[in-house]
Every structure is written in structure tokens, then in C-alpha cells.
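Reading the structure
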Amino acid sequence: MSSVATEDAEHNNSMELGSPPHVTSPPISESKHAGNTPPSRSDFLLSLSTKVDIATELVAKCSNGAQAVPDDEVNSFIKQLEGVIRSMADDLRDIPLSMESLSGEMIHVGLQINGQCDTDQNKLENASTPRMEMREGTSSVSESQRENKSGDMPPMANYLLGMYDGTQRNDCQSSNILPQLADTLQPAYQSFFCPLTKKIMDDPVTIDSGLTYDREAIAEWFERSKDVSENIVCPVTRMDVKEAALSSNVALRNTIKEWKERNEATRIRIASSALSLATSEAMILDAIKELQFLSQSRRFNKEQMHTIGITGLLTQFLQHESMTVRCEALELLRALAEDEDGKVIIARTRALTRTVKMMSSYSSPERHAAVSFLLELSKSELFLEKIGRTPGGILILITMKYNKDADPFAAERAEEALKNLEKLPKNIKCMAENGFVEPLLDHLIDGTEEVQTEMVSYLGEIVLEHDMKTYVAERASNALIKMVNGGSAVIRKEAFRALVQISSHPPNSKMLLDAGVVPIMIEEIFARRIQNEPLESKEEAAAILANILESDLDMDKIQVNKHGHTITSHYSIYNIVHLLKYSTQQELNVNLVKILLSLTKLPKPLATVVSVIKEIEVHQGIIEFLNSPMEELATVAAKMLIVLASHMGHTIAAGLCKIQGQPEGLVKNYDTDRMTEKQAVSVNLIAKIPHQNAPLNLALLHQGTVPIILSRIQEILRGEVRATSSRYTGYYLEGLVGVLVRFTTSLFDQEILYMALSRNLTSVFTDLLVRTGGSSEVQRLAAVGLQNLSSQSARLSRPPADIKKSTKMSFFAKSVSGSQRDGRMTLLCCPTHRGVCSSSTTFCLLESRAAERLLGCLESESPEVVEAALSAIITLLDDGVDAEGSVRALSELGAVRSVLGVLKVHREEGVLQRALWLVERFLEKGGDKLSREVSHDKVLTTVLVSAFHRGDGNTKKMAENILRHLHRILNFSTNSFVM
């Protein structure tokens, strides 16, 4: 044992100093049993030798007598052998630092035993002996897999399995298992170590004493020696030496360099074996940390890792269940990707997709590791397109960039990666699509003509959010206008497309106007004539101008040329209308009509538009647009005709009746599954044309539109119609009701009268007073319809008569109210019309109970609804009816209180006049009882005095009459005064 001890003493420093810098050896006091004294070297060797003898004996028994020994006994041998081997592995793993010099010998012993066990295991398998089962917690890797993974060193693989068996460490600290094994297989000579630092030398130099030191260490020694003594001595021999006498030991330096290369190559193979086995998290982390250290020491090590497949193998650990493993694997991959060969290997794997997924992690270490790795990949042209194509890659980078306050580290690296990705134009487009338009705008403004063309084409294709449109307008408006003015045909086309999108956001109109875009667009529409110039530029110029005019700008101040003409001048409007008349391009026509629609928002240009349209007779062309297959053109044409209807409605009605499929097409053409803006606007056009146009009303009746209208109203009220937008539902319902109302203005025609009676329009309108679909306009229109119907009741009402009861009663008799006595029916007389009435025969508001609902409408907040309801109620007290009977009937319904309530809320002239008219009628025909009820209303007197002082002629006269009825005015003369 003395020879062993002597060898230990000589080699102890060698093994201790041969460990890599990142490995920390355990303290000397550390042992397998905490608190116990470490075993002596002799005891340790004796114990280990005994276990080796036992293992050898068990192996011999199994191999020599495998055929003759019973299976149960063989299994017993195997279990004993397994226990002995594991005990030896535990001893080797727990070697204390003081015995570390034994590591080489012990590891060789362990490898030899493992190799012998492999051989004997194969023999046992060939002898049909059952293989020993792995106990819980050991590796499930098969022997063949171990051999394949560990290459030409199956004993090493088995040794690693034994050393890591049961190890549960899951932190990032590396153990010394792998470096120790490498140092054993490639031991360092004592001469490699510097006597001062006890570390392997980088630059060995020999001094006068003949000893060799590391240059940096001996130079530092000499420097310190000067401070304490005049003579400089050798640190070991203590003999005087000359400071300058440092001779490079080239041979030793080259030998050390070669050893380091062999040692590192061995360490790489060992770490590769550990990664291939990957039986525990501790083994994986030790291997990765070892490879991280080696990848930083020499570039050649990275190349070797690429060659033996470590780079590709690492990508598999990006899906490991341990976040620590994933992060360490990413860090090593980032180092290996620093050269192009590594990137080429990584490009063939799914590492990029997994990395992008890890960038969304809630864990900041994992997120940081992923974005750092992606940053390294983005430096290569090989990955520029791959990153752009990876779903979510650029989007997540942009999100990180904008979250600088939450994660500055990730934001900084994401910004660098995005900068690298800008080298590929497609990535710039992808960034803009994901809300990061700065790179696109930078290249658009400062790039070459080729780059500008590509960028402006992207800008025209991308759908921008409203806020982004404003930002683009602020930065790029001038550049885009410059391209329109002086660019090539291709770049002009793309610039127009971009300006169309930017101008579609109303807040941008002011910026574009200030940039001088309107005169350029006007010139493009009317004056520009370039041979072979695409026609789309004229269409897009009109679209830009239409978008600008739809905003709330002062159009009277928008200059269109240097001659002082504005967009609202006769010059501009005439040219637009003239171009509209002769244009055959549907896209251009759409925007020309939009321009005219915007101009009609102001009274003065509206009059000019109407005048020019009449002058040029372009209205018929606009009417023909209603049949256009282009839905947008048909929609804007209908909107334009609605505006013109109040100025030339009968002309439009006549023009509609001349077109094939009209006017019924505006009502009939609709999709049963959904409703569009075109359908809503079209039916409202029919409703807005003057109602008294009998030819149009008859044309609609003859083409069977009434059943469709009634059916559609019911579908909407039942919620069976699906609209592309909720606003279209209410607007469409208003149009349908408006068309029904127009029929009530032509009741003098017998066909229309019969339709109104047979369809019981009184009940339809009465129902619409309460089932309005949320639209006050529907309520107003229903009241107008009832007013028109009620005005015919006195003419349709018949005198009362007794009708004999029979099995066949007329439609009229079935529809009226009465009482039976002695087999005879006595028909009741309507108190208003002094005849027999019903909703289906005379449109009577009392018999149909419409009067009650009209009184309910007086509580509406809409003055228009209240005015229409009052107008309908007035028909019950107008000339030609029994006013006294009506007053009594209405009084029973609470009409007096309802009308007085209107005077308390509304002060609109139309509402005030109708309410006062009714109050005056109540006083005239209601007697003293009603007079007392009215006179007790305190608010009424205030309203009457105000109307008497400030009202117009009719209002003042009615207020005066009511005051006289209430005895607030003594007599009706010029000397009348108010009490």
C-alpha cells in the first residue's frame, strides 16, 4: 500500500488541478455519512477489493454453469450481482476529495466490471436465462439502445447509468462526474501544472532555476517579490533568478495544447453519451453544462459537436418536461448557432417552432432564453424567411417590443431580432400586418425606387386599423403624394391604393387636405390624359376625393385649382355631373355619386346639384344604376335619389316606371336569409318619393308588392330577419311602413281602397303603434297612416239599419258590431260618424281601438310622433263628424288629460298648434263639465298666456279663444285684456 500512497501523493495535485474551472469539488470533511470520519484509504481499497472478488465469483458461477443451474438459482445470482455492482457504484460516486487520486484506478475497475457484466449478460440471454428486471427508479433503456447511444463505449454508458442511479438533483449546478471520467480516460501529466497556481499552464515559461511556470503567474510573483526584497528567487527552489530570463517552453506548450484537445474531445463524447442516455434530469443538466463550458473554450469544439450530432440532438430537449432543461438546452443551442454550420443543422429541425412557442411562456427565464436564441438565428439569411413564415413568430416579437416596461430584457432582444428580420421585404409586410409599420414607412420614405415600389404595394394591400391609418397619414402622406405626381405608372398605381385606404378614415382628411391632395385628385379625374395610363387611377382619385368630402370639413373653402374654384362651386359640380353622365366605369360612377352626395349636405351646393342634374338630365342615368349588378353602385344611387326626391320626386317616379323591373324590384328583390344596406335603402327610396303619385302607387299595387310588404313587416317584428347590421333592420322596417303609408294617400282609387279594406290596414297600423321595432319613425308613420285612413271613415260609414239574421251574412255585416234581439241584429251607431263602423270597413279609429293607442303615443319623447298622433286624433273632431259624440267618446278614454299633458312637456310649434286646437274643440263641444276640468289645470294658463304673447297667427288666435272660454278674457275685441 506504500507504493499506492506514494503515487497518490505525487498525483493528488494533478487530478485536483485537472478539473475544469466550473467544477467545484466537495469539501474534505464531506462523506457519505454526514458527521462520520471518512474511511481510510486502506479500508476503502479493502472494501472495494472484497466487492470485486464477490462480483467476480458470482459472474463465474453464472457463466460456467448456466445450463445446469436451475432458473430460480440463476435469478438469485443475478440479483446478488446487481446489488454488489450498485454498491460499488455508490462507493465510487462518494469518493472523498482526499482519496480522489484513486479515481483513475477505481473508474477503470468499474468500467472493466461493467464490461464483463455486459458479456456475461449476453451469455445468460443466449442460455435462455430470464433477464433481470429493472428496479423502480432505474433506467428503462434497453441494452441495445445503450450500445447504440454510447457508440463504441458501452462500458462508459453502463458506468454513467450506475453513477446517476437515484440522483434527484434538478438544479443548474453541475457535478464533477463527467469531467472526472474524462480526466481518467485522458489523464494530465504532473508537468502540465504550474507550481504556483496548481493549474494546467496556458503559456509555460522556464526560468533560470530550470523550473517551468505559467507566464502570467510567474510574472505576478516576480512583481510581488520586488516589493519585499531586492533579490528575486524561484518560488520552489528559492534560488536567485533574473527577472528577464523567461524562456518559452514551446514543446511543453504544444504538448499541453494537444492534451487539451484530446481531453476536450473525450469530454464531448462522454457528454454526448450522457445526453443520449438522458435517464435523469441531473444527467441531462450535467451534460449540457459540460458542453456549454466546452463550446466556449474553442471554436473547434463546436464543430466537433456539430459533427457527432449533439446540435441536432439538443433540439429534442426543447420539449422536455423540465423548464430548467429547456432553458439550458436553448442556451447551448444559442452558442452552437453562432456559426453558420450550427444554423444549417438547426434549420433542419423543428427547433424554431418550439422556440416560438417558448417565447409565449409565463416564465421569464424560459422567455429570455427563447428570444435570445431567436435573436441569434435572425442574424442568418437562412432563417429570415423561416422566422417570418413561422406562425406567431413576428407577432410575439412585436408584442415583446411593445411591453418594454414589463420585460426590458426581452423587449431589447426582440427589437434587435426585428431589425435583423427587416432585411427580407416579406417580413416587413408581416410586421405591418401585425401592427408594426415603422419599418415599412422607413423603407417607403428613404428606400430606393425599387424598395419604395415594394413597400407602397404592401401598404395598399394591408388592412390598417383606424389609429394606424392616422399614423401612416402623418408620416407618409407627403411621400405618397410625391409618388402620385412624379412616379412611374406602377408606383403611381400603388400610391393611389395606399391613399384610398388612408383617406377612408375621416380624421385623416385634414392632413391630406393640408398636404395638397385635392387639386391633384381633381386634375387626375378631369384633366390628366396620359397614353396607356391605367384607368384605375381616375377611379381611385375619385375614391380619395369622396372619402375626404365625407368628413366634417368646410367644403366651401376647399380649393380645387389655382383659379380660385372651390369644390362647391358650379364649375366643380358641373364637371362632376357631366363626367357622371358619360362615364361607363362602375367604380368611377360609385365615387362620383358619393362626391355629389357629400355636396348635398349643404344647402347651397344642394341647390346647385339639383339644378345641374336637371340641366344635364342625368337623373335617368342615376335611376338606371338601381339595376346595376354592382351592389355598391345601386346603393349609392338609391341614396342620391332619396335626396333628390323632395326636389324632383315626380320626375323620379316617372323615370322609375320606365325601367324594366321597376319600381317593384326595389321592394321585391331581397334575400330571405339576410338583409343588406341596398335592400333597406331601396325600399326607403319608394317610401320617400311623394306619396300622392298615383301612377307609382298603382304600379306597386299591380305588381303584388303589398303581400310581400305585410309579410316582411311581420317577419321583422317576430325577429325572423337576420341583418348584416342592426341599423339596417330598423331602417328597412321604416321603409316598408312608409310604402304602406303612401297607399293611404290614394284611397280615392277603388283598387287601392279595396286593398286597404281587405288587408285591414287600420289594424296593421294600430299594431305598429306599439310594435315599432324600436323605431320612433315607424310609430310616426303608423300614426300618419291612421290619419289618412280615418279621413275616409265619414264617407265609408253607413246609416244604421236592422238586418235579418241569416246563414249568409255579408262581409260588411260580419265586420260590424251590434246586438241581437228576437232573432234580429241591431247594428250600433258610431258616436263619431253617425253610422255603422268597423276597422275593416270604415277605418274607424274608435271601433278599431286605435284611438286608445294614439293617446298612448302622446307620452312619447319624440315631438314628431306626438304631432302625428295629435293629427290622427283631430280627424275624429274634424268637420263632417259628430264632434260632440267624439268628445264624449274621447273623454271616456282620458283624452283631455293626455292632451293637457302634452302642453306641459312640448313647446314645438306643430305640437302646440294641434294640442291647442283639440283643447279648444273640447271646450266648444264638451260642455261645462269639460270646461271645469280644463280650467283647473294650472299649467294650461301659463302655456296659453305664453302662446298668446309669442305665438304665430294661428297659435295666438287659438290661445285667445281658449282664454275666452275659460273667462280669462272678457270679450273678443281689440280691447281684450288678460286677467
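Residues numbered from 1 in each chain as written. Predicted model: local features only at pLDDT ≥ 70, side-chain atom pairs only at ≥ 80, totals over all residues. Heavy atoms only, no water.

Going by the annotation in an unreviewed UniProt entry, the name recorded for the protein is RING-type E3 ubiquitin transferase, with Musa balbisiana given as the source organism. Under the UniProt heading Catalytic activity (unreviewed entry), the entry covering the protein gives this text: "S-ubiquitinyl-[E2 ubiquitin-conjugating enzyme]-L-cysteine + [acceptor protein]-L-lysine = [E2 ubiquitin-conjugating enzyme]-L-cysteine + N(6)-ubiquitinyl-[acceptor protein]-L-lysine." The Pathway (unreviewed entry) comment attached to the protein in UniProt states, word for word, "Protein modification; protein ubiquitination." (UniProt positions renumbered as here; feature names shortened; annotations may be inferred.)

Topic: the overall build of the protein
Along the protein, the regular secondary structure elements total 49 helices and six strands. The buried share of the protein, taken over its 979 residues, is 52%. Relative to all contacts within the protein whose residues are 6 or more apart in sequence, the contacts with residues 24 or more apart total 70%. Accessible surface computed for the protein: about 46,500 Å², of which carbon and sulfur atoms make up 49%. (Helix = DSSP H or I, 4+ residues; strand = E, 2+ residues; numbered from the N terminus. Buried < 20%, exposed > 50% of the residue type's maximum accessible area, 1.4 Å probe, protein only. Contact = heavy atoms within 4.5 Å. Areas by Shrake-Rupley, 256 points an atom, 1.4 Å probe, with all protein chains shown as cover.)

Some details on unusual backbone geometry
Omega for the bond connecting Gln662 with Pro663 falls within 30 degrees of zero, at 5°, which places this linkage in the cis form. Relative to the helices and strands, Pro663 resides in the loop between helix H32 (631–658) and helix H33 (665–668). Although it is not a glycine, Lys198 sits at a positive phi angle of roughly 60°. Tracing the backbone through its elements, the reader meets Lys198 in the loop between helix H7 (177–185) and strand S1 (204–206).

So, the nonpolar core
Formed by 181 residues in total, the largest nonpolar core has its most connected members in Leu480, Phe765 and Phe922. If you tally residues by element for this core, the top one is H32, at twelve residues. Once residues lying within four places of it in the same chain are set aside, the contact partners of Phe765 are Val737, Leu740, Val741, Thr744, Ala782, Gly785, Leu786 and Leu789. (Core = buried A, V, L, I, M, F, W, Y, C linked by side-chain atoms within 4.5 Å.)

Describing the packing of helix H29 (residues 586–599) against H32
Where H29 contacts H32, the two axes come as close as 9 Å, and the packing angle between them is 30°. The pairing of H29 with H32 is recorded here as roughly parallel in orientation. H29 and H32 meet at a crossing whose hand is left-handed. Residues Gln586, Asn589, Val590, Val593, Lys594, Leu596 and Leu597 of H29 touch H32, and the partners they reach there are Glu632, Leu633, Val636, Ala637, Lys639, Met640 and Val643. (Axes fitted to C-alpha atoms, helices over the stretch in contact; angles between N-to-C directions. Parallel < 35°, antiparallel > 145°, perpendicular 65-115°, else oblique. Left-handed = near helix turned anticlockwise from the far one by under 90°.)

Re the pattern of salt bridges
As enumerated under the stated definition, the model contains 33 salt bridges in all. Between Glu264 and Arg298 there is a salt bridge; the shortest N-O distance is 3.0 Å. Pair noted here: Glu264 is in helix H9 (residues 250–277) and Arg298 is in the loop between helix H10 (281–297) and helix H11 (299–307), with a separation of 34 residues, a long-range link. According to the relative accessible area criterion, Glu264 is buried, its value standing at 10%. Glu867 serves as the salt-bridge partner of Arg914, at 3.4 Å between the closest nitrogen and oxygen. Linking Arg914 in helix H47 (residues 909–935) with Glu867 in helix H44 (residues 863–874), this pair joins segments that are 47 residues apart in sequence. (Salt bridge = Lys/Arg side-chain N within 4 Å of Asp/Glu carboxyl O.)

Remarks on the packing of H10 against H11
Contact pair H10 / H11: the axes reach a minimum separation of 5 Å and the direction vectors enclose 130°. By the criterion of interaxial angle, the relationship of H10 to H11 is oblique. Contacts between H10 and H11 pair Leu291, Leu294, Ser295 and Ser297 from the former with Asn301, Lys302 and Met305 from the latter.

Describing helix H21 (residues 438–446)
Buried within H21 are the following residues: Pro439, Leu440, Leu441 and Leu444. Its buried side turned inward, H21 meets helix H20 (425–433), helix H22 (449–461) and helix H23 (466–486).

Re the packing of aromatic side chains
What the rule picks out here adds up to three aromatic pairs. Seen in terms of ring centroids, Tyr402 and Phe436 are 6.2 Å apart; in terms of plane orientation they differ by 85°. Their pairing is edge-to-face. Highlighted residues: Tyr402 in helix H18 (residues 393–402) and Phe436 in the loop between H20 and H21, separated in sequence by 34 residues. On the basis of relative accessible area, Tyr402 is assigned to the partly exposed category, the value being 44%. Put simply, the rings of Tyr189, Phe192 and Trp259 touch in pairs and so form one group of aromatic residues. (Phe/Tyr/Trp six-rings, centres within 6.5 Å; stacked < 30°, edge-to-face > 60°.)

A word on the confidence of the model for the protein
For the protein, the average pLDDT comes to 79, and 78% of its residues sit at 70 or higher. This stretch, residues 1–38, has a pLDDT under 50; its non-local contacts, to residues over four places away or in other chains, come to 52 contacts. Between residues 109–153, whose pLDDT stays under 50, and residues either more than four places distant or in other chains, the model counts 70 contacts. (pLDDT = per-residue confidence, 0-100.)

Details of H23
Here H23 is 21 residues long and its end C-alpha atoms lie 28 Å apart, about the 30 Å a rise of 1.5 Å per residue gives. The largest bend in H23 amounts to roughly 65° and is located at Ala476. Within H23, burial applies to Met468, Lys469, Thr470, Val472, Ala473, Ala476, Ser477, Ala479, Leu480, Ile481, Met483 and Val484. (Expected span 1.5 Å × (residues − 1). Bend = angle between axes of the 7 residues up to and from the residue.)

Considering the environment of Glu524
Along the chain, Glu524 turns up in helix H26 (residues 517–527). With a relative accessible area of 4%, Glu524 lands in the buried category. It is 9.3 Å that separates the C-alpha atoms of Glu524 and Glu539, two residues lying 15 residues apart in sequence. If we ignore the near neighbours within four places in the chain, the residues touching Glu524 are Arg492, Phe496, Ser537, Lys538 and Ala541.

Quick notes on the sheet that holds strand S3 (residues 247–248)
Ordered by their spatial adjacency, three strands build an open sheet running S2-S1-S3, and the pairing between neighbours is antiparallel. Pairing within the sheet leaves two strands with one partner each, and these edge strands are strand S2 (212–214) and S3. Pairing geometry for S1 and S3, over two bridges, is antiparallel. Of the residues in S3, the one forming a bridge with Val205 is Ser248. Packing of helix H8 (residues 215–228) onto the sheet brings it into contact with S1, S2 and S3, and relative to S2 it is tilted by some 95°. Packing of H9 onto the sheet brings it into contact with S1, S2 and S3, and relative to S1 it is tilted by some 160°. (Pairing = 2+ DSSP bridges.)

With respect to the side chain of Thr600
If you trace the backbone, Thr600 turns up in the loop between H29 and helix H30 (603–616). We classify Thr600 as buried; its relative accessible area is 11%. In contact with Thr600, not counting residues within four places along its chain, are Leu606, Val609, Met640 and Val643.

Focus: the side chain of Thr744
Considering the arrangement of structural elements, one finds Thr744 in the loop between helix H37 (726–743) and helix H38 (750–758). When its relative accessible area of 4% is taken as the criterion, Thr744 is described as buried. A distance of 2.4 Å separates the side chain of Thr744 from the backbone oxygen of Val741, its partner in a polar contact. (Polar contact = N/O pair within 3.5 Å; in protein donor to acceptor, adjacent residues only side chain to side chain.)

Thoughts on the environment of Leu768
Along the chain, Leu768 turns up in helix H39 (residues 761–768). Overall, Leu768 belongs to the buried group, its relative accessible area being 1%. Along the sequence, Leu768 and Arg853 sit 85 residues apart, while their C-alpha atoms lie 9.9 Å from each other. Sequence-distant contacts of Leu768, that is, excluding residues within four places in its chain, are made with Ile713, Leu717, Val737, Val778, Gln779 and Ala782.

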